[in-house]
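A structural walkthrough
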Amino acid sequence: GTYVLNFVAAGVVKVFDLDGEGDGLLLFMGEGRSSRLLASGDIAGNDFRIFEVREACKYVGFKNLCFDGSGLTNPTEQDHAVQFSNTVADTETSRCFVIDCYFNFIRGDQIRILGNGTPRARNVLVKRCVFDGYKNGGGLDARSGVSIQRASDDIIVDANYFDTSSAIDFFSSSSRSMRSM
């Protein structure tokens, strides 16, 4: 079924903010496109994420879900369906995956992977996903399907379909390096 996620603008908006280390697998699983997470509401130009996986999270997975931003008004290019990030020194957000998911009408990066120096984002698998970024907001297309930025290692992007401005966007937005892509 469809689950409507209503946003109220107030700074960076996150529906699920996963923070910290875990020893077991946390799996968000659906039954394909019919398992739709519909982001809805006026975000008034603020940044939003449906999921933020950060600060040394490990073993977080998404499988057979539809991430849909078609219900949002006033989206920005900093809106992301799923963001893997880390800002805690000497830790890593790692061993995460997104498999067989559908991304629809997300204005920014559908998936954003972002490390920050010694806190790394690493070992992330993106496989067999569909990134449909066009027509968002009356003709605005998505920034990229997968964005990989600074301090990210061992990222695998395999067998995906992209209908976005940029399929995979690699860039170092600081002096912190990317290795082993």
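Our subject is the structure listed above.
Notes on the structure follow.

Reading guide: rules and limits
- Residues numbered from 1 in each chain as written.
- Predicted model: local features only at pLDDT ≥ 70, side-chain atom pairs only at ≥ 80, totals over all residues.
- Heavy atoms only, no water.
- Pairing = 2+ DSSP bridges.
- Helix = DSSP H or I, 4+ residues; strand = E, 2+ residues; numbered from the N terminus.
- Axes fitted to C-alpha atoms, helices over the stretch in contact; angles between N-to-C directions.
- Polar contact = N/O pair within 3.5 Å; in protein donor to acceptor, adjacent residues only side chain to side chain.
- Phe/Tyr/Trp six-rings, centres within 6.5 Å; stacked < 30°, edge-to-face > 60°.
- Buried < 20%, exposed > 50% of the residue type's maximum accessible area, 1.4 Å probe, protein only.
- Lys NZ or Arg CZ within 6 Å of the ring centre and 35° of its normal.

Quick look at the sheet that holds strand β4 (residues 36-42) now. Spatially, β1-β4-β7-β10-β13-β16 is the arrangement adopted by the 6 strands of the open sheet, whose pairing is parallel. Every other strand in the sheet has two partners, leaving β1 (2-6) and β16 (161-163) as the edge strands with one partner each. Across the sheet, the axes of successive neighbouring strands diverge by a mean angle of 10°, strand direction being ignored. Sheet analysis places strand β7 (residues 66-73) next to strand β10 (residues 102-104), joined by 3 bridges and oriented parallel. Its bridge partner lying in β10, D68 is registered against N104.

This part takes up the sheet that holds strand β12 (residues 120-127). As a general point, the strands of a sheet are linked pairwise by backbone hydrogen bonds and lie either parallel or antiparallel. Taken together, the 5 strands give an open sheet; going across it, the order is β3-β6-β9-β12-β15, and neighbouring strands pair in parallel fashion. The sheet is open, and its two edges are formed by β3 (26-29) and β15 (152-158), each paired on a single side. Averaged over neighbouring strand pairs, the angle between their axes works out to 10° when direction is ignored.

Okay, the environment of R120 next. Here R120 lies in strand β12. Between the alpha carbons of R120 and S85 there is a distance of 7.8 Å; along the sequence they are 35 residues apart. Side-chain polar atoms of R120 contact the side chain of D153, separated by 2.7 Å.

So, on to the packing of aromatic side chains. Using the criterion set out here, one finds 9 aromatic pairs in the structure. Measuring from centroid to centroid gives 6.1 Å for F51 and F67, while their planes differ by 85°, and the two rings are edge-to-face. With F51 in strand β5 (residues 48-54) and F67 in strand β7, this residue pair connects regions lying 16 residues apart in the sequence. Residue F51 is classed as buried on the basis of its relative accessible area, which comes to 1%. Look at F67 and you get buried, because its relative accessible area is 0%. Ring geometry for F62 versus F67: centroids 6.1 Å apart, planes at 75°, classification edge-to-face. Both residues of the pair, F62 and F67, belong to the buried class. Over the face of the ring belonging to Y102 we find R33, whose NZ or CZ atom lies 3.7 Å from the ring centre.

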